[in-house]
Amino acid sequence: MRTAYLDTLYGLAQKDKRVHALISDNGAIVYDRYRRDLPGQYLNLGISEANMIGMAAGMASCGKIPFAYTIGAFLAYRAYEFIRNDVCLQNQNVKIVGTGAGQVYSALGPTHHSTEDLGGLRALPNLTILCPASPLEVRKATAAAYEQEGPVYLRLGTNRESEIYEGDYAFQIGKSVTLKEGEDVALIGTGSILKDVLDAAGKLKAEGISARVINMHTIKPIDKEAVIKAIDEIGNIVTVEDHNITGGLGSAVAEVIAEYGQAIKFKRVGLRDFSKSYGNYDEVKKDNGIAVADICKCIRENFSYV
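The structure contained in this document is the topic of the report that follows. (Residues numbered from 1 in each chain as written. Predicted model: local features only at pLDDT ≥ 70, side-chain atom pairs only at ≥ 80, totals over all residues. Heavy atoms only, no water.)

## Observations regarding the pairing of strand β11 (residues 236-244)
Piece 1. Most of β11 is tucked away, with 9 of its 9 residues classed as buried.
Piece 2. Where strand β8 (residues 185-189) and β11 come together, 4 bridges link them in parallel fashion. Looking across to β11, one finds that Leu-187 is bridged to Val-238.
Piece 3. Across 6 bridges, the pairing between β11 and strand β12 (residues 265-271) is parallel. For Asn-236, the partnering residue across the bridge sits in β12 and is Lys-265.
Piece 4. Note on the crossover from β11 through helix α10 (residues 249-260) to β12: the handedness is right-handed. (Buried < 20%, exposed > 50% of the residue type's maximum accessible area, 1.4 Å probe, protein only. Helix = DSSP H or I, 4+ residues; strand = E, 2+ residues; numbered from the N terminus. Pairing = 2+ DSSP bridges. Right-handed = clockwise from strand over helix to strand, strands pointing away.)

Below, the structure is given as structure tokens:
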């Protein structure tokens, strides 16, 4: 995902001198080509995430399009006040790019995990939130963020995500993508965990359970129509996210269900506390109950009548 983002940003900056890359002293090496070819559109602010966001807001007020990039946990938590007051309150055209979504920095522990970022940022007015699921989708989401006027939070994984798309497709902010049709249960996921959701759907199919898989790449504004369609056509919904179930995708979908006012069977797969354990990403997902087996278990235990 990181390479897909950097390649797309490089292309945008070549074509539009308003595009600037801001970093806070992480990822400097991966910006080598950008820094070499576009030195006037690159700033390393050092380990000062809040200052980076404040500077980005100032640049946006002068007509620039800054993409402020660092580890998502340090943006969403450490720089929250600056995101709120300098960017969102002023509705500045700043693109906030957080890498290491969820628990992908598995061995670094909960201090580096972005598992509550959506809950905090989703509450901020004017902020669009994009959670691409694959390298191709990162390219499309980055381009869409550039075109979108106003604040955008782009939530990225790292550089090891699998591609889930076999070909090109239409990406539109606020419009989800149905990756797989199904009739028994709707699985709604976001971000790189969509690969696990698709794997779970494959295992469930072998058991005779037909699962619709919906990629909710935009958390805000959420695609209400897709959720309502799943309510009306299926009536069984499970959300899956590498994030705490409070405030994230599960909460956003629950809000749509509650306001629609039709009783259905609904469950959330996600973290219910700070992330636990250390290890590789697959090990940490398993230890925190969001692995493929956990998704399948949730459906077997709660939708046995399917």
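## Topic: the sheet that holds strand β3 (residues 65-71)
Piece 1. An order of β2-β1-β3-β4-β6-β5-β10 is seen for the 7 strands of this open sheet, with the pairing classed as mixed. Bordering the open sheet on either side are β2 (42-44) and β10 (218-220), each of which pairs with just one other strand. The mean angle between the axes of side-by-side strands here comes to 20 degrees, regardless of whether they run parallel or antiparallel.
Piece 2. Here 5 bridges tie β3 to strand β4 (residues 95-99), and the two strands are oriented parallel to one another. Residue Ile-71 lies in a different strand from β4, and its bridge partner there is Thr-99. (Axes fitted to C-alpha atoms, helices over the stretch in contact; angles between N-to-C directions.)

## Quick look at the packing of helix α3 (residues 49-61) against helix α5 (residues 80-88)
A packed helix pair is summarised by two numbers, namely the angle formed by the two axes and the spacing between the axes.
Piece 1. α5 packs onto α3 with a crossing angle of 5 degrees between their chain directions and a minimal axis gap of 9 Å. Between α3 and α5, the interaxial angle falls into the category roughly parallel. Where α3 approaches α5, its residues Ala-50, Ile-53, Gly-54 and Ala-57 are matched on the opposing element by Phe-82, Ile-83, Asp-86 and Val-87.
Piece 2. Split by residue class, the contact of α3 with α5 holds 6 nonpolar, 1 polar and 1 charged. (Parallel < 35°, antiparallel > 145°, perpendicular 65-115°, else oblique. Contact = heavy atoms within 4.5 Å. Nonpolar A, V, L, I, M, F, W, Y, C, P; charged D, E, K, R; others polar.)

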